[in-house]
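Per-entry structural report
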Amino acid sequence: AMKNLKEAEQLCKEKGDVWNLQCCFTNQALILEDCGDLENAMQLYKKAERICYETGFKKDYLACLGNQASILINIGDLESAMQLSKEMEQVSKDIGDIKYLLRSLNNQGRIFLDRGELGEAKRLLKEIVRNSDNKTVKKGYGKPQYTPEGDIVCPQCKLVCRKGSTFCIWCKHPFKFD
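Here the structure is a predicted model, which means the values were calculated and not measured. (Residues numbered from 1 in each chain as written. Predicted model: local features only at pLDDT ≥ 70, side-chain atom pairs only at ≥ 80, totals over all residues. Heavy atoms only, no water.)

**What to know about the nonpolar core**
Ranked by internal contacts, the top residues of the largest apolar core, which has 39 residues, are Phe25, Ala41 and Ile111. Mapped onto this core, the elements with two or more residues apiece are α2 (18-34), α3 (38-55), α4 (58-75), α5 (78-95), α6 (98-115) and α7 (118-131). Here this core gets nine residues from one element, more than from any other, and that element is α4. Setting aside chain neighbours within four positions, we find Ala41 in contact with Ala29, Leu32, Glu33 and Ile71. (Core = buried A, V, L, I, M, F, W, Y, C linked by side-chain atoms within 4.5 Å. Buried < 20%, exposed > 50% of the residue type's maximum accessible area, 1.4 Å probe, protein only. Helix = DSSP H or I, 4+ residues; strand = E, 2+ residues; numbered from the N terminus. Contact = heavy atoms within 4.5 Å.)

The structure is reproduced here in structure tokens:
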């Protein structure tokens with residue numbers, strides 16, 4: 001598989017196909033990570049991240065950040081992992097991607113647990129549970145829904161905002177009240 005990916009990498013470079021090139025780097029990194037070669041996997045994830053960042057492939061960029069953060073957590077570099085997870089959280093919120101938002105919060109929770117910061121881990125767990133029913137981001141408008149606690153659920157991104165909000169803090173969607 002690695003040989004085929006290296007050949008595909010060369011073809012992508014020759015054709016200037018950056019999207020498939022970053023896919024080749026990511027797939028090679030996944031193989032190396034499974035084989036325990038975390039250092040080389042990290043280098044390939046960084047190459048893919050750079051391409052995704054420069055070209056605006058935001059979901060692929062989020063995947064690269066998450067994969068790197070997971071490796072850093074596993075090797076004990078919790079500060080670097082937290083930085084990547086925070087960046088992942090912000091970009092996820094900016095584009096309204098629930099899947100990667102939950103992954104970033106999960107990574108942060110793992111870091112807080114590893115540090116022994118149980119209060120922060122518990123806070124993140126509540127946020128993860130609160131947002132875990134939102135499997136996809138649905139574009140749409142309408143009246144916001146409410147949680148049993150009275151917080152507002154955005155009709156566009158389906159994330160929870162504080163009660164009394166006039167717009168979604170996550171996707172900036174204005175709320176319409178009758």
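Moving on from the coordinates now.
**Considering the side chain of Ser70**
Relative to the helices and strands, Ser70 is located in helix α4. A relative accessible area of 14% places Ser70 in the buried class. Not counting the four nearest positions on each side in its chain, Ser70 is found in contact with Arg103, Asn107 and Arg110.

**Quick word on α2**
Look at α2: 24 Å from first C-alpha to last across 17 residues, which is about the 24 Å you get at 1.5 Å a residue. Within the span of α2, buried status applies to Leu21, Gln22, Cys23, Cys24, Phe25, Thr26, Gln28, Ala29 and Leu32. Each element contacted by the buried residues of α2 is listed here: α1 (2-15), α3 and α4. Downstream of α2 by one or two residues, Gly36 has phi in the positive range, about 90°. (Expected span 1.5 Å × (residues − 1).)

None of this, on its own, says anything about what the molecule does.
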